[in-house]
Amino acid sequence: MQIKSKLPSVGTTIFTVMSNLSNKHGAINLSQGFPNFDCPEPLKEKVNFYLQQGKNQYAPMPGLPILRERIANKIADQYHYTLNPETEITITAGATQALFTAINAYIHPGDEVILIEPAYDSYSPSVKLAGGIPIPYLLKKPDYRVDWNLLKSLVSAKTKMIIINTPHNPVGKILKANDLIQLQEITQNSEIIVLSDEVYEHLIYDQQEHQSILRYPDLMTHSIAVYSFGKTFHNTGWKIGYAVGPEYLMKEFRKVHQFNVFTVNSFVQYGIADYLQDPSTYLSLPAFYQQKRDFFQSCMEGSRLKPIPCEGTYFQLFDFSTISNESDFEFAQRMTTEFGVAAIPVSVFYSEAIDEQMIRLCFAKTDDTLEKAGDILRKI
Ligand code: PMP
Ligand code: GLN
């Protein structure tokens, strides 16, 4: 039978492609973003405790009440945003599901969604599956900053959503207060919903403050923010996160959520709810990952790969244009197969054919792995 693809131009994600290639060639995998160290032992113990206690049946559809309460407290402490955990938070199967659910709850066929590219790879297919039309705003090397006047020129009567991501994967830049204020000006008195992907909220360096959309009550009247415990607690394989937004938006979100996953595994929710009682577990993250960023940078000193300053996330971009004329895809492949260090080519995060000869490396790795990678990469 011939089926008509809903995503004809989509193949397997670059993360799967590069991790597979890396495994095949025994390379050091700095491509797909995940830590190569384990998540905290006390967290595993708590989750295991609730598993053994028999917390193994369905949790309530929007998520465990105690977990939602603890998230609301965390948000109040960090961003001074008060919300009702009953109606304004939903626990999701990772941020990917939260993004997909939000897009499918609000986007109708023909609606336009502005994406800031390079963009995380799930946004555009999720918009297309909802029948929406992705409208890219292009960030360019080396500074990768948003010019909000230019972005504003993309807004039309059909614009229903703008997706932002701070700290930004893959470029490692963060939005500043001034960016959020301009976004507020563009979207106030409009029909535009802002979808704010903040999965790297705690991976932010040099004493900078994360400009969560939750700090901007006027923006939060028409916004949804999404988070991932996978990034915060070093357990990307657990696939658990949450979405936050005003009740009228969360109501529609939950309509889609309940038929998408219905609810997320219970014992993990219990375990995380316990673990969240100690804020030092996440407040220590900026220092933890800043050490990794700086250590990796020191390992790369003298390399012909030129780093773009990283303000947040666990990704570091490098410009390889002085080394090779290859496309970034070819170069990333050769890095994996010939040199033994796997990378992600940045062009995959653009919908247009834009290749600025940049690769992304993930530094969420043990120091010995980063050192070994540096030893190889300095010789290229
Ligand atoms: N958004 C961004 C920007 C990401 O980098 C990721 C990474 N994995 C996700 C969303 C998805 O998070 P999760 O694994 O919780 O689905
Ligand atoms: N977010 C991770 C990255 O950017 C990978 C997510 C995935 O593999 N789907 O590398």
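Here the structure is a predicted model, which means the values were calculated and not measured. (Residues numbered from 1 in each chain as written. Chains lettered and ligands numbered in written order. Predicted model: local features only at pLDDT ≥ 70, side-chain atom pairs only at ≥ 80, totals over all residues. Heavy atoms only, no water.)

Colleague: What should I look at first to understand the sheet that holds strand β6 (residues 193–197) in this one?
Modeller: Hydrogen bonds between backbone groups are what pair the strands of a sheet, and the pairing can be parallel or antiparallel. Strand order across the open sheet formed by seven strands is β2-β8-β7-β6-β5-β3-β4, with mixed pairing between neighbours. What marks the edges here is a single partner per strand, and that holds for β2 (89–92) and β4 (133–138). Sheet twist, expressed as the mean angle between neighbouring strand axes with direction ignored, is 20°. Strand contacts of helix α8 (residues 177–187): β5 (159–165) and β6, with the helix running at about 175° to β5, the strand carrying the most contacts. (Pairing = 2+ DSSP bridges. Helix = DSSP H or I, 4+ residues; strand = E, 2+ residues; numbered from the N terminus. Axes fitted to C-alpha atoms, helices over the stretch in contact; angles between N-to-C directions. Contact = heavy atoms within 4.5 Å.)

Colleague: Please explain the environment of R145 as it appears in this structure.
Modeller: Its location among the elements puts R145 in the loop between β4 and α7 (148–152). In sequence terms R145 and V261 are 116 residues apart; their C-alpha atoms lie 36 Å from each other. Here R145 is in contact with Y137, L139, K173, I174, K176 and E311, once residues within four sequence places are set aside. Looking at R145, its side chain comes within polar contact range of the side chain of E311, at 2.9 Å. (Polar contact = N/O pair within 3.5 Å; in protein donor to acceptor, adjacent residues only side chain to side chain.)

Colleague: Would you take a moment to explain the site of ligand 1 for this structure?
Modeller: Residues in contact with ligand 1 amount to 13 residues; listed here are only the nearest, T96, D197, Y200, K231 and K239. Note that an oxygen atom of ligand 1 is positioned 2.7 Å from one of the side-chain N or O atoms of N169. Residue D197 places a side-chain N or O atom 2.6 Å away from a nitrogen atom belonging to ligand 1. Relative to its free-state accessible area of 390 Å², ligand 1 is covered by the protein chains to the extent of 93%. Looking at side-chain class alone, the shell around ligand 1 contains five nonpolar, five polar and three charged residues. (Near = heavy atom within 4 Å. Areas by Shrake-Rupley, 256 points an atom, 1.4 Å probe, with all protein chains shown as cover. Nonpolar A, V, L, I, M, F, W, Y, C, P; charged D, E, K, R; others polar.)

Colleague: Could you clarify how one ought to interpret the sheet that holds strand β13 (residues 358–362) in this entry?
Modeller: With respect to topology, four strands assemble into an open sheet ordered β9-β10-β13-β12, the strand pairing being antiparallel. At either margin of the open sheet sits one strand with a lone partner, and together these are β9 (306–307) and β12 (344–345). In terms of strand pairing, strand β10 (residues 315–319) meets β13 through five bridges, oriented antiparallel. Each bridged residue has a counterpart across the sheet, and for F318 the counterpart in β13 is I359. Helix α15 (residues 328–339) rests against β12 and β13 of the sheet, and its axis sits at about 40° to β13.

Coordinates in, geometry out; function isn't part of it.
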